[in-house]
Amino acid sequence: MKNKHCEWCDHTFKTNISYQIYCSPECRDAATKEKIAARYQIQRRQRRKGKERLCKSCEKRLSVYNDDTICETCSADPSEVAKVLRDIKGLMNGKDRK
Ligand SMILES: [Zn+2]
Ligand SMILES: [Zn+2]
């Protein structure tokens, strides 16, 4: 028998199993749940980061619920957006000609 410290509650326990790192199934379950929760949180954060988009017109950050390429303020005034998009297109064309 070897004395070990539980990785979850830090209690000392005796075991013959070399890979046992928790004193009880309760501690193992709690540690496993926390690992899964932590991984889930990281995944959720990364997914949100990947979805970060800016309004094509005013460059304001778009809400994650907005599937459009422009924000609500800009989509409320389509003519303004069309004008800005035309300007951007004109700028790109001018660059190409240089
Ligand atoms: Zn424990
Ligand atoms: Zn906008």
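Relevant structure appears above.
My aim in this report is to walk through the structure given alongside it, one point at a time. (Residues numbered from 1 in each chain as written. Chains lettered and ligands numbered in written order. Predicted model: local features only at pLDDT ≥ 70, side-chain atom pairs only at ≥ 80, totals over all residues. Heavy atoms only, no water.)

### A few points about the coordination of the zinc ion (ligand 1)
Geometrically, a metal with four donors at the corners of a regular tetrahedron has ideal angles of 109.5 degrees, and one with six donors at the corners of a regular octahedron has ideal angles of 90 or 180 degrees. Of the protein atoms, only Cys-6 (SG), Cys-9 (SG), Cys-23 (SG) and Cys-27 (SG) coordinate the zinc ion (ligand 1), at distances of 2.2 to 2.3 Å. Around the zinc ion (ligand 1), the four donor atoms are arranged such that angles at the metal cover 105 to 116 degrees; this shape is classified as tetrahedral. Spacing between the donor residues of the zinc ion (ligand 1) along their common chain follows C-x2-C-x13-C-x3-C. When its relative accessible area of 29% is taken as the criterion, Cys-23 is described as partly exposed. (Donors = N, O, S within 2.8 Å, 3.2 Å for Na, K, Ca; no water. Tetrahedral: all angles 85-135°; square planar, octahedral: opposite > 155°, others 65-115°. Buried < 20%, exposed > 50% of the residue type's maximum accessible area, 1.4 Å probe, protein only.)

### Section: a nonpolar patch on the surface
On the surface, Leu-85, Ile-88 and Met-92 cluster together into a nonpolar patch covering about 250 Å² of accessible area. Its place among the elements puts Met-92 in helix 3 (residues 78-97). Residue Met-92 is classed as partly exposed on the basis of its relative accessible area, which comes to 49%. (Patch = residues over 30% accessible without salt bridge, like charges linked within 9 Å, V, L, I, M, F, W, Y side chains within 5 Å. Areas by Shrake-Rupley, 256 points an atom, 1.4 Å probe, with all protein chains shown as cover. Salt bridge = Lys/Arg side-chain N within 4 Å of Asp/Glu carboxyl O. Helix = DSSP H or I, 4+ residues; strand = E, 2+ residues; numbered from the N terminus.)

### Topic: the coordination of the zinc ion (ligand 2)
Distances from the zinc ion (ligand 2) to its protein donors, namely Cys-55 (SG), Cys-58 (SG), Cys-71 (SG) and Cys-74 (SG), fall within the range 2.2 to 2.3 Å. Because the angles between the four donor atoms bound to the zinc ion (ligand 2) fall within 104 to 117 degrees, the donor set is best described as tetrahedral. Taking the relative accessible area as the measure of exposure, Cys-55 reaches 2% and is therefore buried. Given a relative accessible area of 4%, Cys-71 falls into the buried group.

### Overview of the side chain of Lys-4
Mapped onto the elements of the fold, Lys-4 is located in strand 1 (residues 2-5). At 3.0 Å, the side chain of Lys-4 and the backbone oxygen of Gln-20 are in polar contact. Leave out the neighbours within four places in its chain, and Lys-4 touches His-11, Thr-12, Phe-13, Thr-15, Ile-17, Ser-18, Tyr-19 and Gln-20. (Polar contact = N/O pair within 3.5 Å; in protein donor to acceptor, adjacent residues only side chain to side chain. Contact = heavy atoms within 4.5 Å.)

### Some remarks on unusual backbone geometry
One non-glycine residue, Asp-10, lies in positive phi territory at about 70 degrees. Its location among the elements puts Asp-10 in the loop between strand 1 and strand 2 (12-15). Here Asp-10 falls in the exposed class, since its relative accessible area comes to 53%. The phi dihedral of Glu-59 falls on the positive side, at around 65 degrees, and the residue is not glycine. With respect to the element layout, Glu-59 can be found in the loop between helix 1 (25-50) and helix 2 (72-75). Since its relative accessible area comes to 60%, Glu-59 is described here as exposed.

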